[in-house]
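Structural overview
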Amino acid sequence: MNVLKDLFRVRAPEPPKLFEEPWRQTEWQNKRTELEYFWSYQLKNDGLSRLRVLLYGPVGSGKSSFINSVDSAIQGRMTSPALADTTFGDSFTVNYKTHKIQKGEPKEFYPFVFNDVMGLEDQTNRGVSEEDIKLAMQGHVKEGYRFNPASALLKDKPEYNKEPSLDDKVHILVCVVPANTVSLLNDQFIDKMRKIRLAARDLDIPQVVILTKIDVACSVVRKNIKDVYKNGRVQPEVGSSSELHLSSEELPRRD
């Protein structure tokens, strides 16, 4: 009987290894300095009025939540400009929408915006088409366009921007990937992401990877976010995101 109990007993996973020294250096006390950079940020290109940041990634990776976090941090209060769904199956975002961050007066905004897209999926005719993301990077997708997983935006459609301005184009591409599932992405999914990455490279668009849900991936981080760079469980996930050929810069983020 004792043997059977041992066989069916659920064993708690061992806590992750914590290194004595962090495998990446960061300044946890410089929050205000970093925020002051955003508060005073100004564009140096006279032909550009706003920097456009495009977020893409798997369904439920936390793209909209990331936009809300940035908005809240800059404004110093909780905000929710981008609607997010905590229970995901299908993508909650279905339209191409520009999110601005208010600065001071109601009609005054910071000179950078975020665009969210429908989530990527590994199945055919599911999730956003990589071709739509490529068109968005080139500025051909108009505000409010409703994504169609079965077909990319066609040139003869009213939502197609035939003459995009510099403001319409994407200037930074951000891949948002959940740390608790990045190592489980299959080859078809990775191939889609790589095509997007190569298209951005050809357009000379800088790229960044953000790992979300690091607190879900590791209980130690859930207790103390400052242990993220001493963590032996999060580090392999950062390595997995590098293997996606997405970027040389991966930034973990707690939800």
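The structure we're discussing is the one just above.
On a predicted model such as this, the values are computed, not experimentally measured, just so you know.

1. Things to note about the side chain of glutamate 130
Relative to the assigned elements, glutamate 130 resides in helix H4 (residues 130–137). Of the side chains with opposite charge, lysine 195 lies nearest to the buried glutamate 130, which makes no salt bridge, at 4.0 Å. In this structure glutamate 130 touches Lys192, Lys195 and Ile196, once residues within four positions along its chain are discounted.

2. A look at the packing of aromatic side chains
A full pass over the atoms with the stated rule returns nine aromatic pairs. Between phenylalanine 112 and phenylalanine 114, the aromatic rings sit 6.4 Å apart at their centres with planes inclined by 85°, giving edge-to-face as the arrangement. Residues phenylalanine 112 and phenylalanine 114 agree in their burial class; the two are buried. Aromatic rings pair up to connect Tyr37, Phe38, Tyr41, Phe66, Tyr110, Phe112 and Phe114 into one cluster.

3. Describing the packing of H4 against helix H5 (residues 187–202)
Where H4 contacts H5, the two axes come as close as 10 Å, and the packing angle between them is 20°. Comparing their axes, H5 and H4 come out roughly parallel. Handedness of the crossing formed by H4 with H5: right-handed. Contacts between H4 and H5 involve Glu130, Ile133, Lys134 and Met137 on the former and, on the latter, Lys192, Lys195, Ile196, Ala199 and Ala200. Each residue belonging to the contact of H4 with H5 can be placed in one class, and the counts come to five nonpolar, no polar and four charged.

4. Some remarks on the pairing of strand E3 (residues 109–116)
Sheet faces and side chains relate simply in a regular strand, where the side chains alternate between the two faces. Counting buried positions over the eight residues of E3 gives seven, a clear majority of the element. Pairing analysis gives five bridges linking strand E1 (residues 51–56) to E3, with the strands arranged parallel. When the sheet's bridge partners are listed, arginine 52 is paired in E3 with valine 113. Relative to E3, strand E2 (residues 97–102) runs antiparallel, the two sharing five bridges. Residue pairing across strands places threonine 98 opposite asparagine 115, the latter belonging to E3. Turn length for the E2-E3 hairpin, with the two strands adjacent in sequence and antiparallel, is six residues, and the turn residue glycine 104 shows positive phi of about 75°.

5. Observations regarding the side chain of glutamate 121
Of note, glutamate 121 is situated in the loop between E3 and H4. Among the residues examined, glutamate 121 registers a relative accessible area of 13% and is labelled buried. Engagement of the side chain of glutamate 121 in a polar contact is seen with the side chain of arginine 126, the distance being 3.3 Å. Aside from chain neighbours lying at most four places away, what touches glutamate 121 is Val59, Arg126, Gly127, Phe189 and Lys192.

6. Considerations on helix H3 (residues 63–75)
Under the 1.5 Å per step criterion, the end-to-end length of H3 is 19 Å for 13 residues, consistent within 8% with the ideal 18 Å. The complete set of buried residues in H3 reads Lys63, Ser64, Phe66, Ile67, Asn68, Val70, Asp71, Ser72 and Ile74. Among the structural elements, helix H2 (31–39), E1, E2, E3, strand E4 (172–178) and strand E5 (207–212) are those in contact with the buried residues of H3.

7. Looking at unusual backbone geometry
The residue aspartate 204 is not glycine, and still its phi comes out positive at about 60°. Looking at the element boundaries, aspartate 204 is found in the loop between H5 and E5. A residue is classified by how much of its surface remains accessible, and aspartate 204, at 68% relative accessible area, is exposed.

8. A look at the nonpolar core
Ranked by internal contacts, the top residues of the largest apolar core, which has 31 residues, are Leu54, Tyr56, Tyr96, Leu120, Ile133, Met137 and Leu173. Broken down by secondary-structure element, the contributors of at least two residues to this core are E1, H4, E4, H5 and E5. It is H5 that contributes the most residues to this core, five residues altogether. Setting aside its immediate chain neighbours within four residues, leucine 173 contacts Leu54, Tyr56, Met137, Ile196, Ala200, Ile205, Pro206, Gln207 and Val208. Grouped together as the second largest cluster of nonpolar side chains are 16 residues, Leu51, Phe66, Phe112 and Ile210 included.

Calculation notes
Residues numbered from 1 in each chain as written. Predicted model: local features only at pLDDT ≥ 70, side-chain atom pairs only at ≥ 80, totals over all residues. Heavy atoms only, no water. Helix = DSSP H or I, 4+ residues; strand = E, 2+ residues; numbered from the N terminus. Buried < 20%, exposed > 50% of the residue type's maximum accessible area, 1.4 Å probe, protein only. Lys, Arg positive; Asp, Glu negative; His and termini not counted. Salt bridge = Lys/Arg side-chain N within 4 Å of Asp/Glu carboxyl O. Contact = heavy atoms within 4.5 Å. Phe/Tyr/Trp six-rings, centres within 6.5 Å; stacked < 30°, edge-to-face > 60°. Axes fitted to C-alpha atoms, helices over the stretch in contact; angles between N-to-C directions. Parallel < 35°, antiparallel > 145°, perpendicular 65-115°, else oblique. Left-handed = near helix turned anticlockwise from the far one by under 90°. Nonpolar A, V, L, I, M, F, W, Y, C, P; charged D, E, K, R; others polar. Pairing = 2+ DSSP bridges. Polar contact = N/O pair within 3.5 Å; in protein donor to acceptor, adjacent residues only side chain to side chain. Expected span 1.5 Å × (residues − 1). Core = buried A, V, L, I, M, F, W, Y, C linked by side-chain atoms within 4.5 Å.

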